[in-house]
Amino acid sequence: IPACFGDLTAMSHFSVATNFLEGTIPDALASMDELVIFDVSENFFTGTVPTFLCTAPEITDIFLYANVISGTIPDCLADLSQLQLLGAWGNELVGTLPPALMLLPNMTNLWFGYNYLTGTLPDVSALTQLDELALYYNFFTGTVPDCFTGLTVMTLLELGHNLFTGALPESM
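**Some thoughts on the overall build of the protein chain**
Next up, step 1: Helices and strands together make up the secondary structure of the protein chain, namely zero helices and 14 strands.
Next up, step 2: Radius of gyration (C-alpha) of the protein chain: 16 Å, near the 16 Å computed for a compact globule of 172 residues.
Next up, step 3: When burial is assessed residue by residue, the protein chain has 43% of its 172 residues classed as buried.
Next up, step 4: Residue pairs in contact within the protein chain that sit at least 24 positions apart in sequence constitute 44% of those at least 6 positions apart.

So this is what it looks like as structure tokens:
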């Protein structure tokens, strides 16, 4: 992505999805502070999740899936109160899911399958608008928490191919 794209400061929808782009996502895009949708999915981008996304207060949808993005999920993404969709499956992300992400009031879709995420599954009960939670093919451990009651709009729960143990909660 050319750094001069950062000069497009009024950009609200940025998509370069489904190409053969490579390299890192340039920090020069940080000047796109009007972003609502950011989509770099299905490319060959490397590096980490760009933290400049945390400075786009109106952003609702972030599509990072099917790249080679590594590192941890930045805690600052939890500051995006308008965030509805965070799709980062099919990367090389490590570490845990930031618990603060599970408090975003408008979150509808969390897609983190096919990564290297670890730790226990955080409580998602505050995500009352959550429609899809996809965490398959990671390394989550412990028991499946009893935190899905009250999530009445959820249509997809993908927890397969992890390291969970014990019984499923009665509420499921």
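From this point, the discussion proceeds with the structure in view.
**Observations regarding the pairing of strand S8 (residues 92-95)**
Next up, step 1: Bridge analysis of strand S6 (residues 70-71) against S8 gives two bridges, and the strand direction is parallel. Bridging from a neighbouring strand, Gly 71 pairs with Leu 93 of S8.
Next up, step 2: Relative to strand S10 (residues 116-120), S8 runs parallel, the two being bridged by two bridges. Across the sheet, Gly 95 pairs through a bridge with Leu 117, a residue of S10.

**Re the side chain of Asn 162**
Next up, step 1: Here Asn 162 lies in the loop between strand S13 (156-158) and strand S14 (163-164).
Next up, step 2: At a separation of 3.3 Å, a polar atom in the side chain of Asn 162 contacts the main-chain amide nitrogen of Asn 138.
Next up, step 3: Of the polar contacts made by the side chain of Asn 162, one reaches the backbone oxygen of Leu 159; its length is 3.0 Å.
Next up, step 4: Setting aside chain neighbours within four positions, we find Asn 162 in contact with Leu 135, Tyr 136, Tyr 137, Asn 138, Phe 139 and Phe 140.

**As for the nonpolar core**
Next up, step 1: Ranked by internal contacts, the top residues of the largest apolar core, which has 46 residues, are Phe 38, Ile 59, Ile 62, Leu 77, Leu 86, Phe 112 and Phe 148.
Next up, step 2: Not counting chain neighbours up to four residues away, the residues in contact with Phe 38 comprise Phe 14, Ile 25, Leu 29, Phe 52, Leu 53, Ile 59, Asp 61, Ile 62, Phe 63 and Leu 64.

**What to know about the state of the cysteines**
Next up, step 1: Per the stated rule, a full pass over the model turns up one disulfide.
Next up, step 2: Cys 54 shares a disulfide with Cys 76; S-S distance 2.0 Å. Taking the sign of the S-S torsion, 60° for the link of Cys 54 and Cys 76, the bridge is right-handed. Of this pair, Cys 54 sits in the loop between strand S4 (44-46) and strand S5 (61-63) while Cys 76 sits in the loop between S6 and strand S7 (85-87), and the two are 22 residues apart along the sequence.

**Section: a nonpolar patch on the surface**
Next up, step 1: Taken together, the side chains of Val 94, Tyr 116, Phe 139 and Leu 163 define a hydrophobic patch exposed on the protein surface, amounting to about 360 Å² of accessible area.
Next up, step 2: Within the secondary structure, Leu 163 sits in strand S14.
Next up, step 3: Its relative accessible area of 46% is what places Leu 163 among the partly exposed residues.

**Concerning the sheet that holds S10**
Strand pairs in the sheet, formed through backbone hydrogen bonds, run parallel or antiparallel to each other.
Next up, step 1: One open sheet accounts for five strands, arranged S6-S8-S10-S12-S14; its pairing is parallel. Every interior strand has two partners, whereas the edge strands, S6 and S14, have only one.
Next up, step 2: Here strand S12 (residues 139-142) pairs with S14 via two bridges, running parallel. When the sheet's bridge partners are listed, Gly 142 is paired in S14 with Phe 164.

Conventions we followed
- Residues numbered from 1 in each chain as written.
- Predicted model: local features only at pLDDT ≥ 70, side-chain atom pairs only at ≥ 80, totals over all residues.
- Heavy atoms only, no water.
- Helix = DSSP H or I, 4+ residues; strand = E, 2+ residues; numbered from the N terminus.
- Rg over C-alpha atoms; globule rule 2.2 N^0.38 Å.
- Buried < 20%, exposed > 50% of the residue type's maximum accessible area, 1.4 Å probe, protein only.
- Contact = heavy atoms within 4.5 Å.
- Pairing = 2+ DSSP bridges.
- Polar contact = N/O pair within 3.5 Å; in protein donor to acceptor, adjacent residues only side chain to side chain.
- Core = buried A, V, L, I, M, F, W, Y, C linked by side-chain atoms within 4.5 Å.
- Disulfide = S-S within 2.5 Å.
- Patch = residues over 30% accessible without salt bridge, like charges linked within 9 Å, V, L, I, M, F, W, Y side chains within 5 Å.
- Areas by Shrake-Rupley, 256 points an atom, 1.4 Å probe, with all protein chains shown as cover.
- Salt bridge = Lys/Arg side-chain N within 4 Å of Asp/Glu carboxyl O.

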